[in-house]
Amino acid sequence: MSQVDIRVVADADEAAHLVAERLAEQARAGGSVVLTGGTTPRMAYELGTQPAPDWSRVELWWGDERCVPPDDERSNFAMAKAALLDRLEQQPAAVHRMRGELGPDAGAEEYTRELAGAATFDLVLLGLGPDGHIASLFPNFPTLDVADRDVVGSGAGHEPFVDRITLTLPRLCNTRELLFLVTGEDKAEAVARALAGEPSHETPGSLARAAQGATRAVLDRAAAARLPG
Ligand code: 6PG
């Protein structure tokens, strides 16, 4: 597995600022960006719109979605809409949301069609669960071995306990840059396993490395606390 380029900063605010700068840079350059869900990236999304309010050169994709309506508070799309899309002056050239309301199987089928022919991503953002999951690829789930599809439906392996739609590992990793944003002491153990441990199905984050470029991680000190010296 390739090494991860790790940057440790003081706190969650600083981590969000760094990732926001990276998002703004990609917005100016254009290309394809895959957003992650969860709560950690919210501030980075909000801040990323300030220096770069024009995202018209970007195509937006999602790494995973919860099977809820798009205005549900658990929806990854809803979070990105409020934190990012609603703050932009110019909307992205395309917003490819996963339709969670279709359910895991039909939703995955539809996103497979949406992705057909899409090129290598430019930037894939990932969070990390305290159990080591990424997107909706959970520890020891059979979805980790799916290599012949771009998108799969899944049950929940972590809260919120609703079904999921998720990109598969090969599709997530088909990117020029894969960027983890992880903060908080509850993630420290998972960070050490995902970024410095042996690749393992017990820690899906350890299996996620950019196939076409760099894998980077922005961590706060608390999340980095268990990394080897
Ligand atoms: C999701 C995610 C998931 C998330 C991690 C971390 O839909 O839940 O995409 O993989 O990134 O669970 O989430 P937090 O930032 O909320 O801890």
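See the structure above.
Here is a short report on the structure shown in this document.

Calculation criteria
- Residues numbered from 1 in each chain as written.
- Predicted model: local features only at pLDDT ≥ 70, side-chain atom pairs only at ≥ 80, totals over all residues.
- Heavy atoms only, no water.
- Helix = DSSP H or I, 4+ residues; strand = E, 2+ residues; numbered from the N terminus.
- Rg over C-alpha atoms; globule rule 2.2 N^0.38 Å.
- Buried < 20%, exposed > 50% of the residue type's maximum accessible area, 1.4 Å probe, protein only.
- Contact = heavy atoms within 4.5 Å.
- Pairing = 2+ DSSP bridges.
- Right-handed = clockwise from strand over helix to strand, strands pointing away.
- Lys, Arg positive; Asp, Glu negative; His and termini not counted.
- Salt bridge = Lys/Arg side-chain N within 4 Å of Asp/Glu carboxyl O.
- Polar contact = N/O pair within 3.5 Å; in protein donor to acceptor, adjacent residues only side chain to side chain.
- Phe/Tyr/Trp six-rings, centres within 6.5 Å; stacked < 30°, edge-to-face > 60°.
- Lys NZ or Arg CZ within 6 Å of the ring centre and 35° of its normal.
- Axes fitted to C-alpha atoms, helices over the stretch in contact; angles between N-to-C directions.

Thoughts on the overall build of the chain
Counting its secondary structure elements, the chain contains seven helices and ten strands. In summary, the chain has a C-alpha radius of gyration of 16 Å against a globular reference of 17 Å for 229 residues, a match within 12%. Projected onto its principal axes, the C-alpha positions of the chain cover 45 × 40 × 35 Å. For the chain, buried positions account for 54% of its 229 residues.

Re helix α6 (residues 188-196)
Within α6, burial applies to A188, A190, V191, A192, A194 and L195. Where the residues of α6 are buried, they touch β1 (5-9), β9 (177-182), β10 (214-220) and α7 (221-224).

Considerations on the pairing of strand β3 (residues 58-62)
Along β3, four of the five residues are buried, which leaves the element largely enclosed by surrounding structure. Relative to β3, strand β2 (residues 31-35) runs parallel, the two being bridged by five bridges. Within β3, the position partnered with G31 by the bridge is V58. Each parallel crossover has a hand, and the one from β2 via helix α2 (residues 42-48) to β3 is right-handed. Judged from the two bridges that link them, β3 and strand β5 (residues 94-95) form a sheet pairing that is parallel. Looking at the pairing, L60 lines up with V95 of β5.

Thoughts on the side chain of D64
Tracing the backbone shows D64 in strand β4 (residues 64-66). Here D64 sits buried without a salt bridge, and the closest side chain of opposite charge, R164, lies 4.0 Å off (N-O distance). Side chain to side chain, D64 and S136 meet in a polar contact 2.6 Å long. Setting aside chain neighbours within four positions, we find D64 in contact with G37, N76, M98, A135, S136, R164, I165 and T166.

Considering the packing of aromatic side chains
As enumerated under the stated definition, the model contains four aromatic pairs in all. Among the aromatic residues, ring-to-ring pairing joins W61, Y111 and F121 into one connected group. Across the ring face of F121, the terminal group of R171 is positioned such that the distance to the ring centre comes to 4.1 Å.

Describing the environment of S154
Mapped onto the secondary structure, S154 falls in strand β7 (residues 151-154). Each C-alpha atom, one on S154 and one on L219, is 28 Å from the other, the two residues being 65 residues apart in sequence. Once residues lying within four places of it in the same chain are set aside, the contact partners of S154 are P104, S136, F138, F141, T143, D163 and R164.

Overview of the sheet that holds β4
In spatial order, the strands read β4-β8-β7; together these three strands make up an open sheet with antiparallel pairing. Either end of the sheet is taken by a strand with one partner, and the two such strands are β4 and β7. In this sheet, adjacent strand axes meet at a mean angle of 15° when their direction is disregarded. Bridge count for β7 against strand β8 (residues 164-167) is four bridges, and the pairing is antiparallel. Following the sheet pairing, S154 is matched in β8 by R164. Of the strands in this sheet, β7 and β8 touch helix α4 (residues 104-115), which is tilted by about 170° from β7.

Focus: the pattern of salt bridges
For the coordinates displayed, the defined rule picks out twelve salt bridges. R87 is the salt-bridge partner of E46, the closest N and O atoms lying 3.6 Å from each other. Taken together, the positions of E46 in helix α2 and R87 in the loop between α3 (76-83) and β5 put the pair 41 residues apart, joining distant regions of the chain. Judged by relative accessible area, which is 42%, R87 ranks as partly exposed. For the salt bridge of R99 with E101, the shortest nitrogen-to-oxygen distance reads 3.9 Å. You can call R99 partly exposed: its relative accessible area is 33%.

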